[in-house]
2 protein chains.
Amino acid sequence: MNVLMILVIFAVLLALSFAAFNYLTVRHMKEGSETMQEIAAAIRVGATAFIRYEYRILYSVVLVVAVILAIVTSWQAAVALLLGSIMSGCAGLIGMKIATYANVRVSNRAQESRNIGETVKVAFRGGSVMGLCVGGFALLGLVIVYLVFGLGMDQISQLDSQINWIGVSFLPFPMTLSGYALGCSMVAMFNRVGGGIYTKAADMGADLVGKTEAHIPEDDPRNPATIADNVGDNVGDVAGLGSDLLESFIGSISSGMILAYHLFLSALANGQNLSDDLLRRMILFPMLFVSIGMIACCIGIASLLFRSHMSSDPHKDLNSATYVAAGITIVFGFLVAFGLFRGVDQLSIMGFSLGFASPWIAAAIGVVAGVVIGFIAEYYTSADYNPTIRLAHASLEGSALTITQGLALGMKSCMAPCVVLALSIIIAYQVCGMYGVAMAAMGMLSFVTVTVSVDTYGPISDNAGGIAEMSGLDPEVREITDTLDSVGNTTAAIGKGFAIGSGALAALALMISYLYSYNEVGTELVLNIMDAMILAGAIAGAALPFLFSGMLIEAVAKAARKMVDEVRRQFREIPGILDGTEKPDYKTCIEISSKGAIGEMRVPSLLAVIVPVFCGFVFGPRFVGGLLIGSTISGIMIAIFTGNAGGAWDNGKKYIESGSIAGCGKGSPAHDAAVVGDTVGDPLKDTVGPCMDIFIKIMSTVSLVSVSVFAKYNLVALIVSLLG
Amino acid sequence: MNVLMILVIFAVLLALSFAAFNYLTVRHMKEGSETMQEIAAAIRVGATAFIRYEYRILYSVVLVVAVILAIVTSWQAAVALLLGSIMSGCAGLIGMKIATYANVRVSNRAQESRNIGETVKVAFRGGSVMGLCVGGFALLGLVIVYLVFGLGMDQISQLDSQINWIGVSFLPFPMTLSGYALGCSMVAMFNRVGGGIYTKAADMGADLVGKTEAHIPEDDPRNPATIADNVGDNVGDVAGLGSDLLESFIGSISSGMILAYHLFLSALANGQNLSDDLLRRMILFPMLFVSIGMIACCIGIASLLFRSHMSSDPHKDLNSATYVAAGITIVFGFLVAFGLFRGVDQLSIMGFSLGFASPWIAAAIGVVAGVVIGFIAEYYTSADYNPTIRLAHASLEGSALTITQGLALGMKSCMAPCVVLALSIIIAYQVCGMYGVAMAAMGMLSFVTVTVSVDTYGPISDNAGGIAEMSGLDPEVREITDTLDSVGNTTAAIGKGFAIGSGALAALALMISYLYSYNEVGTELVLNIMDAMILAGAIAGAALPFLFSGMLIEAVAKAARKMVDEVRRQFREIPGILDGTEKPDYKTCIEISSKGAIGEMRVPSLLAVIVPVFCGFVFGPRFVGGLLIGSTISGIMIAIFTGNAGGAWDNGKKYIESGSIAGCGKGSPAHDAAVVGDTVGDPLKDTVGPCMDIFIKIMSTVSLVSVSVFAKYNLVALIVSLLG
């Protein structure tokens, strides 16, 4: 069976060497004028400094968690945790680094070629480094975990779990794999929260004074916060997004593998006569499927980069890369299912109701669901459709109605994606049991490499526009980068659909594994929400994402406020700034964003790690089970609500700026109202929304890792044993 | 046992005759000058016309539902439904009527006496009519249902459920009682939704043009929407609130009774040898407890009305009435538990872990939880505490940060009340099983009469202030009514805590009964959220309150927009209005609010009734079970979030108006930003929030009534039977 691992390793090597090739290619391109180089260098230095500082804190937390993990569970889990955090950390760092090289080269290419297609290629090449690193490093770590620590098959055949020195019993493979996933999640959490606060504090600060008070355009070099704003795009939208999707990717694969392990053990305990071989195949399936996906993505990316004739519509070109990758993944994914499960007995015991093709069908359902959820997000947030157009018209009536209408839009938009999710759960379950639900999540993310490449292309283009503006390039250049940027907004909306959809499904698979971990092996798996303890957990759990969101919004507002004060101070004390005779002090603004983000990210990030463990030690595993389901369900709602409301406000503002409403344009009262909407939406869509899927998965993973400990040692159990 | 019903009937008669007495006393008071009489008449005519029109639609829907109910379940349930709707309709109508008489008499008394205490008494006397009617009519209907249709004890002893002509089997007593509760819920739904849209459309319309554009104060007679705004207080805050709490009251009692019935049957089926007598006692307990509560409330109300020396702080006086009522209820409630359960065997089978006192302790837990949740709401929304003060300060930085800060405040405020709810569920369950959870809900609402009286006092005072302003009374008079009004805001926040807390607990009790209704009698009761069908239901269900909220907000915005257009038109076409030389056309504004509310309320109101039934017939009872738990959990969050965010924006604005922030006051940019916050918060706190508890309970009750039908006939079952 291990010969199949060659395919996986090949995929990893292909992705990473393609990434290296693109990295070097981008670096060899010309940067343009000295001013452009200076600006790009300032952005790069700011971004690198922030990430370096953030990683220092992140890795000290990771180390502490690893030590605790090594003590209370196993050293293998601790090593895997470190490995996961290093893999994710590398992907984020390299991908962000190249983004800060690519941005200026995109502006320069736009200037030199005056051709959209050529410019798109540069931006996409830059983005593809992040995409390929995400896929490559994630799978590399997984291969290492699999090959070094193995499946713990000896334990399987004897149905034995290991018991460590504090008397806690656990299954080695799921524990190690959870450790790996947790490592990835922790990096994602810090990058998303830290980057999200950074980028929105800078953005809001720049907008609140620059646009609203001084009435200077976006990215104007006279705005002291403008470099910080562009740094924010890199640390939030590039590094944050990359580690977010890496986490989702690993979450969906590992939750499927862990689940397979538990399903198998449970079937064995129920007297089914199963061979180890089936389990190996079920664990290999997601790994092989995503390897196919990664190779397909390389082909898709190459098909765009090495194309001689680009269309004039970047959206089409980018979509073609995605379609190529997705198409190849689905077609060849069938072969994986065929090769692994064809002719294998006893599939029905594991819930495969349509034979060998079952997991493939479930994965395909995931792909379809992800696409549909993405399109629903596009419908609600794009100015091509009614909801956002109506929102833009509400701006004519002032900021209050703009906000009201946007809140209503966001709330209404929750229904359709949830119906899609609900239906895909029902169908995936019918086709392939709970393993099918996990495979649907895996399917959604199987071509993550190209998704991340396209998503990263967005902020790179955004930055390129900023550099063009700041270095006073031709308006035509700015037009090209603006076209690129606006396409990025749409692709980002679709990407968010995949992130939250897969996050929800993966969290559910993790929860099933959680239940298996503390229930007696072989018992029927029940999380009875009518049990008072579980119900209480669910109610408290549902409030957690709200608390977390409120804290994040406040953190952004607090940091933005400091930025506003600084920008106002500079305008006041350096009167030459607004005439363009004096240079603003960009550096102080960068420092304010950095310090604000670092200071504010700790409490919310730790919340997700500490709360389930604390509740577990007090109320025990049933309460935490309720907590997880409650927070998962309400987290999904908040993610959709904030993402769509924020996206619609942003695009509604752009709709007005484009002059689509007669008599309104930049500077009109309607535009002012729309800017208020956009400002309110900023932390919602770029800080709160993207953190939600990580939040619910980190809670699930932490619980899964620690349940064997607090199932044995908790206050409620202690009281019961004292009373009884 | 029926001799105990005398106590219940006595309580009903006492409450209703006290209501009649207060009604007549208020009507005999003097109305003041001719202008005042005119304004009051205009408000009264507008309110009555709206309610009459609304009731016409409401009762046609009720009739349709009753006919369907009679056909598919039992005629008794249909009759009970009609009875419930009539009882609730009467309470709402009478209470609102007297509020429109009392308002002008409050202004007049303020003018004549120049004494806060005397004025408070008039307002409270007016409010007490609503309170007493709510308690009296609700319990009257319940007594009728109990005495006329009985408990169906014949069926109990033989464990037989009735089977109707379409082959659907159901238990007569729970079905009839659910019908009664559903009737109350439907009135509440229409009154809350219709009234909520009406009042906020008028309020937002009046504010958006009046305050923001024309810069005239609230309730200025030059504002054409001002009468409509005052009508809105009566149809939304008086009639809507009254029928809302009546619904909660009946929901909490009936859910406990129905649950007792199911628990009893289940114990019987499990071979426990129980006597019918225990069931009778468990069903009587909540009825007797609330009767004691009602008598206690009469004493509490009388203690205020007939007091000779009022303090200068109305808050204290009103609180004293509540404390008297709550204190007597708890003390004498103990006697009820003592009398009913002392010495009764087999209590432990029903989950009474602390003997006869168990249900009393559970009820007391409910009272404490309600008070704590109310105080948390006060903490987050009152300008005496940090959160709202910080929100007010955010207004200095513009409307965007005001909104952002308010959203963060609302989201953060969800955690604490949910923890209280979670703990009370755990404790109530430990003490008295699931019956205990229902009794906690019942306890929260046992002194509903005084709660509603105090709550209704608020809008009456608000109206009195409006009338004083419009008829140009002395500023000193306005000051008195303003003091009364601001106290009303605080009491309203506490009242909301009770409504949502009890709503959540009652919905859970209803859900347990729902599960009993479709599971085989005697089987263990499980709603396994890890079952794919139930999980899918929960995810879709959690999105429903968001959809419903979005629709409501949009409905208000739509109606408000029409109002804005009309007010602008009048200012434009009748130039004499702003000089005060010409009178505005109030009537057209009233019509716009009426039509807007009536037109917009249908779809969201019907949503709650139709969705669970539709899903039941398609996906079957397990999916609907998930739907209910999902919507309950997310409904709680939205209720708390919207209520607290909206309340804090409102009070933050008042804080600025009071001049507490140096350099800011009415008309300052900070005040403008605060007004935007208040306007955004209006539909959240007064339309969306208060509808949430009705929404989740109406879904539960509809499902409970129809589950016996769709458990037998549904698409999924059909497909399964065709395939198998």
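Below, the structure is looked at part by part.

The next subject is the overall build of chain A. Across its full length, chain A carries 21 helices and 2 strands. In summary, chain A has a C-alpha radius of gyration of 25 Å against a globular reference of 27 Å for 724 residues, a match within 12%. Each of the three principal axes of chain A carries a C-alpha extent, and together these read 80 × 60 × 45 Å. The buried share among the 724 residues of chain A stands at 69%. Within chain A, contacts between residues at least 6 apart in sequence are counted, and of these 86% link residues at least 24 apart. Approximately 21,800 Å² of chain A is accessible, and the part contributed by carbon and sulfur atoms is 61%. Of the side-chain charges in chain A, 41 are positive and 54 negative, and the distance between the mean point of each set is 3 Å.

In this section: the packing of helix α6 (residues 172-214) of chain B against helix α16 (residues 532-573) of chain B. All names here are of chain B. Following both chains from N to C, one finds α6 and α16 inclined at 45°, their axes separated by 7 Å at the closest point. Here α16 runs oblique to α6, going by the angle between their axes. Seen along the crossing, α6 lies across α16 with a hand that is right-handed. Among the residues making up the contact of α6 with α16, the classes are represented as 19 nonpolar, 2 polar and 3 charged.

When the parts of a complex come together, some accessible area is lost, and that lost area is often taken as the interface size. Contact with chain A, which involves 66 residues of that partner, is made by 66 residues of chain B. Sorting the residues of chain A by area buried against chain B places M411(A), M530(A) and F546(A) first, and these three jointly supply 12% of that buried surface. Taken together, the connections running from chain A to chain B amount to 6 salt bridges. Here E554(B) ties to R390(A) by a salt bridge, and the two come within 3.1 Å at their closest N and O atoms. Linking chain A to chain B there are 14 residue pairs in polar contact (both at pLDDT 80 or more). Listing elements by their share of the side of chain A that touches chain B, those giving two or more residues are α6 (172-214), α11 (386-394), α12 (399-412), α13 (415-445), α15 (475-518), α16 (532-573), α19 (621-657) and α20 (669-710) of chain A. The element contributing the most residues to the side of chain A that touches chain B is α16(A), with 19 residues. Here the residues of the side of chain A that touches chain B are counted per class, giving 54 nonpolar, 7 polar and 5 charged.

Turning our attention to a nonpolar patch on the surface. Residues and elements named next belong to chain A. Taken together, I9, L13, I144, L147 and V148 make up a surface patch of nonpolar side chains, about 410 Å² in accessible area. For the nonpolar patch, the secondary structure elements donating two or more residues are α1 (5-27) and α4 (116-149). If you tally residues by element for the nonpolar patch, the top one is α4, at 3 residues.

Let us now look at empty space enclosed by the protein. For the structure on display, the rule yields 4 cavities of 30 Å³ or more. In this structure, the largest cavity spans a volume of roughly 70 Å³. Forming the walls of the largest cavity are A206(B), D207(B), G210(B), K211(B), I216(B), P217(B), E218(B), D219(B), D220(B), N223(B), T226(B) and D229(B). Among the residues forming the lining of the largest cavity, the class breakdown is 3 nonpolar, 3 polar and 6 charged. Empty space within the second largest cavity amounts to approximately 60 Å³. Of all the secondary-structure elements, those providing two or more residues to the lining of the second largest cavity are α6 and α7 (226-269) of chain A.

Residue and element names in this part refer to chain B. Over its 23 residues, helix α1 (residues 5-27) extends 33 Å from the first C-alpha to the last, a length consistent with the 33 Å expected when each residue adds 1.5 Å. Listed as buried for α1 are M5, V8, A11, V12, A15, F18, A19, N22, Y23 and V26. Where α1 is buried, its residues touch α3 (75-113), α4 (116-149) and α8 (276-305).

This part takes up the side chain of N191(B). All names here are of chain B. Mapped onto the secondary structure, N191 falls in helix α6. Owing to a relative accessible area of 0%, N191 belongs among the buried residues under this scheme. Within the structure, the side chain of N191 is placed 3.0 Å from the side chain of S243, a separation counted as a polar contact. Apart from residues lying up to four places away in sequence, N191 is in contact with I51, E54, Y55, G196, V235, A239, G240 and S243.

As a further point, take the pattern of salt bridges. Counted under the stated rule, the structure contains 60 salt bridges over all chains. Notably, a salt bridge pairs D317(B) with R307(B), separated by 3.1 Å at the nearest N-O pair. In this pair, D317(B) sits in helix α9 (residues 314-341) while R307(B) sits in the loop between α8 and α9, placing the two residues 10 residues apart along the sequence. Residue D693(B) is joined to K697(B) by a salt bridge in which the shortest nitrogen-to-oxygen separation is 3.5 Å. Placement of both D693(B) and K697(B) in helix α20 (residues 669-710) is noted, with a separation of 4 residues, approximately one turn of the helix. Comparing D693(B) with K697(B), the two get one shared label, buried. Residues joined in a network through salt bridges with shared partners are K200(A), D203(A), D650(A), K654(A), D682(A), K685(A) and D686(A).

Rotating chain A by 180° and moving it 0.0 Å along the rotation axis overlays it on chain B with an RMSD of 0.0 Å. Within this description, the copies of the chain are treated as partners about a two-fold rotation axis. For chain A, the residue whose C-alpha comes nearest the rotation axis is N528(A), separated from it by 2.2 Å. Most of the interface of chain A is mirrored in chain B, where 100% of its interface residues again form contacts.

Turning next to unusual backbone geometry. At R114(A), a residue that is not glycine, the phi angle is positive and equals roughly 50°. One can find R114(A) in the loop between α3 (75-113) and α4.

Structurally, V526(A) can be placed in the loop between α15 and α16. The class of V526(A) is partly exposed, set by a relative accessible area of 27%. Sequence separation of V526(A) and R114(A) is 412 residues, and the distance between their C-alpha atoms is 62 Å. Ignoring any residue separated from it by four or fewer positions in sequence, one finds V526(A) in contact with L515(A), V526(B) and N528(B).

Between α16(A) and helix α19 (residues 621-657) of chain B, the shortest axis-to-axis distance is 10 Å and the interhelical angle comes to 45°. The pairing of α16(A) with α19(B) is recorded here as oblique in orientation. Note that α16(A) runs across α19(B); the crossing there is right-handed. On α19(B), the residues touching L535(A), A538(A), I539(A), A542(A), A543(A) and F546(A) of α16(A) are I629(B), I633(B), I636(B), M637(B) and F641(B). When grouped by side-chain class, the residues that make up the contact of α16(A) with α19(B) number 11 nonpolar, no polar and no charged.

A separate point is the environment of V65(A). All names here are of chain A. Inspection of the secondary structure assignment puts V65 in helix α2 (residues 34-72). The sequence separation of V65 and L81 amounts to 16 residues, and the corresponding C-alpha distance is 8.6 Å. With near-sequence residues (within four places) excluded, V65 lies in contact with L81, L182 and M186.

About the thresholds
- Residues numbered from 1 in each chain as written.
- Chains lettered and ligands numbered in written order.
- Predicted model: local features only at pLDDT ≥ 70, side-chain atom pairs only at ≥ 80, totals over all residues.
- Heavy atoms only, no water.
- Helix = DSSP H or I, 4+ residues; strand = E, 2+ residues; numbered from the N terminus.
- Rg over C-alpha atoms; globule rule 2.2 N^0.38 Å.
- Buried < 20%, exposed > 50% of the residue type's maximum accessible area, 1.4 Å probe, protein only.
- Contact = heavy atoms within 4.5 Å.
- Areas by Shrake-Rupley, 256 points an atom, 1.4 Å probe, with all protein chains shown as cover.
- Lys, Arg positive; Asp, Glu negative; His and termini not counted.
- Charge placed at Lys NZ, Arg CZ, Asp CG, Glu CD.
- Axes fitted to C-alpha atoms, helices over the stretch in contact; angles between N-to-C directions.
- Parallel < 35°, antiparallel > 145°, perpendicular 65-115°, else oblique.
- Left-handed = near helix turned anticlockwise from the far one by under 90°.
- Nonpolar A, V, L, I, M, F, W, Y, C, P; charged D, E, K, R; others polar.
- Buried area = accessible area lost by both parts, 1.4 Å probe.
- Salt bridge = Lys/Arg side-chain N within 4 Å of Asp/Glu carboxyl O.
- Polar contact = N/O pair within 3.5 Å; in protein donor to acceptor, adjacent residues only side chain to side chain.
- Patch = residues over 30% accessible without salt bridge, like charges linked within 9 Å, V, L, I, M, F, W, Y side chains within 5 Å.
- 1 Å grid on protein atoms, 1.4 Å probe; cavity = no way out; pocket = protein on both sides within 12 Å on 5 of 7 lines; lining within 4 Å.
- Points joined across faces, edges and corners; volume = space filled by probe spheres on them.
- Expected span 1.5 Å × (residues − 1).
- Least-squares fit on C-alpha atoms with pLDDT ≥ 70 in both.

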